[in-house]
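# Fold and contact review
Residues per chain, in single letters:
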Amino acid sequence: SSGINAEWPLRPGNETGSATCSACAAGSFADTNGTVTCKICEAGSYSLENAADCTLCQEGSFSSKPGSSSCSKCETGSSTEGIRGSAECTKCKPGSYANETGSATCSVCAAGSFADANGTVTCTLCDAGSYSLENATDCQLCRPGEYTNKTGSNYCKKCIPGHYTSVIRGATSCTPCEVGTYANEAGSPFCYPCPKGKLATTTGSTTCSYCNNITYTTYTEGASSFSQCHGPQLLLVNNKTLQKYDFVEVDITSYNLTVSTIFQAKSGAWVINPGKSNQVYLKEGATSMLKVEQGKQLEIRIKPVMTNKWCYFEHDGHGKYFSGSQVTDALGRECLGGSHCSNPDDDPSGPYCMVNTTSGPTKSTCGIPRCIWDVECKQGNGETYRGNLERGQSEQGHEYECQGWGQDFPHAHFYFRPTAFTEAKYGLGMHNYCRNPDPQRQPGLWCYANTFYTEYVTCKVEECSLTKHPYFEGGQSKYQSIGRSVIST
């Protein structure tokens, strides 16, 4: 039994000489024979009239005072935490709720909702742009690259490739990447600018594409139009009408001429090799006619001049001898006085020009890419090689370091020393890189050996090939051959 000894108001019969025994009033009880005074029920319990014991309040109800004749239901937002015999109800903790009276326990807020205070009756749904897990006291903003456009979300979706979130956190939608940028993975927090040599012409791009021709590149990141691609162009003129102009975008390609054809180098310099005849070098803007006898074909190979025209040698004074025709900087601003991009003072940033800015004339890089051909590989006898290989092998197969071209130890030499001419022509300098300043007698790269055992060593550098090497940094590395073409009437 649960009770408190207390004096209860006497009824007739509770005195000596009573004719009958009186029933205990509600809220009290008597649990033994011969009870003189009924006991009062403790808080958390109750009894009806004539009770032999008190009953504990059920889960979800309480009695706060002794001597209760009934239990009261817990108010909404509170519970007895699953306990019987409660003298009071406990408010629901943050992250939980009770939306009915008489709740035995508080329910946890479902995922996508929250309760941030005690005594919550109904959980609040998370706003769009946020989410929550179960039993949450607050909603979490969607992380960068993720979003949700509905209230009550239990997770955030990742942006699809080609999209990003334009706000730092709490995005309700994803934004397509602007032209010139891309995102190749789901959940990107931002879009990346296309690297030099590539472009994205549409919004929502998942990748950047190369310029249409393997010899073309862009001079800045974030290119958004094919008009930003620069490279050599060769113009073919029909010999009969002298009016038909066809641009032929070529790299190293073979052609069979069936008619006499005029070639014009619209941009850049070109080398045309007509089989057994002497090759033709076309400077930019120059023209030349290749004659074909009637009824015969002339097989030719056409190749643009790339090095020091469309890319520069890093190990050759950072582009000191670059002579391309670009007249704007990497941002498209015109060079002052119509000057061309160059690097006469060996600036480490490469070819540049002066442009007008708010602070006056300012040096600005032109964004010319570094050459890969003749740097990581060689062409022919290596006369144009400008890489930084500095070791070679003797005829006996021993490997030695190169002696500097400007040094006379351990081998004194009078020829092949660094001069203004040999530096510009063969790439000699105050270094010990492999070169070929004697192309008439030497079939490949060499250098003086930095040892007394042998005078010179030969340097092994793989041959340049578009199947392995792009012309320039950021260019295409796989040659897309356009095959053998026949140029006829």
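Residues numbered from 1 in each chain as written. Predicted model: local features only at pLDDT ≥ 70, side-chain atom pairs only at ≥ 80, totals over all residues. Heavy atoms only, no water.

All chains considered together, the criterion is met by 11 aromatic pairs. Seen from their ring centres, W373 and Y471 are 4.7 Å apart, and the 50 degrees between their planes marks the pair as tilted. Taken together, the residues span a long stretch of sequence, with W373 in the loop between β32 (360-365) and β33 (391-393) and Y471 in the loop between β36 (456-458) and β37 (485-487) at a distance of 98 residues. Considered together, W373 and Y471 belong to a single accessibility category, that of buried residues. Between F421 and Y426, the ring centres sit 6.3 Å apart and the planes meet at 85 degrees, which makes this aromatic pair edge-to-face. Residue placement shows K198 over the ring face of Y210; its charged tip is 4.6 Å from the ring centre. Looking at K363, its charged tip hangs above the ring of Y352, at a distance of 4.5 Å from the centre. (Phe/Tyr/Trp six-rings, centres within 6.5 Å; stacked < 30°, edge-to-face > 60°. Helix = DSSP H or I, 4+ residues; strand = E, 2+ residues; numbered from the N terminus. Buried < 20%, exposed > 50% of the residue type's maximum accessible area, 1.4 Å probe, protein only. Lys NZ or Arg CZ within 6 Å of the ring centre and 35° of its normal.)

This paragraph deals with the layout of surface pockets. Rolled over the atoms, a probe with the dimensions of a water molecule shows which regions are left empty. Approximately 980 Å³ is the volume attributed to the largest pocket. Contributing to the lining of the largest pocket are 31 residues, with V271, K303, V305, Q379 and T384 lying nearest its centre. Looking at which element gives the most residues to the lining of the largest pocket, the answer is strand β30 (residues 298-304), with 4 residues. When the residues that make up the lining of the largest pocket are grouped by side-chain class, the tally is 13 nonpolar, 9 polar and 9 charged. (1 Å grid on protein atoms, 1.4 Å probe; cavity = no way out; pocket = protein on both sides within 12 Å on 5 of 7 lines; lining within 4 Å. Points joined across faces, edges and corners; volume = space filled by probe spheres on them. Nonpolar A, V, L, I, M, F, W, Y, C, P; charged D, E, K, R; others polar.)

With that settled, consider the side chain of D316. Here D316 shows up in the loop between β30 and β31 (352-357). Residue D316 is classed as buried on the basis of its relative accessible area, which comes to 6%. Within polar-contact distance, the side chain of D316 engages the side chain of R386 at 3.5 Å. Residues in contact with D316, not counting those within four places in the same chain, are Y321, R386 and E423. (Polar contact = N/O pair within 3.5 Å; in protein donor to acceptor, adjacent residues only side chain to side chain. Contact = heavy atoms within 4.5 Å.)

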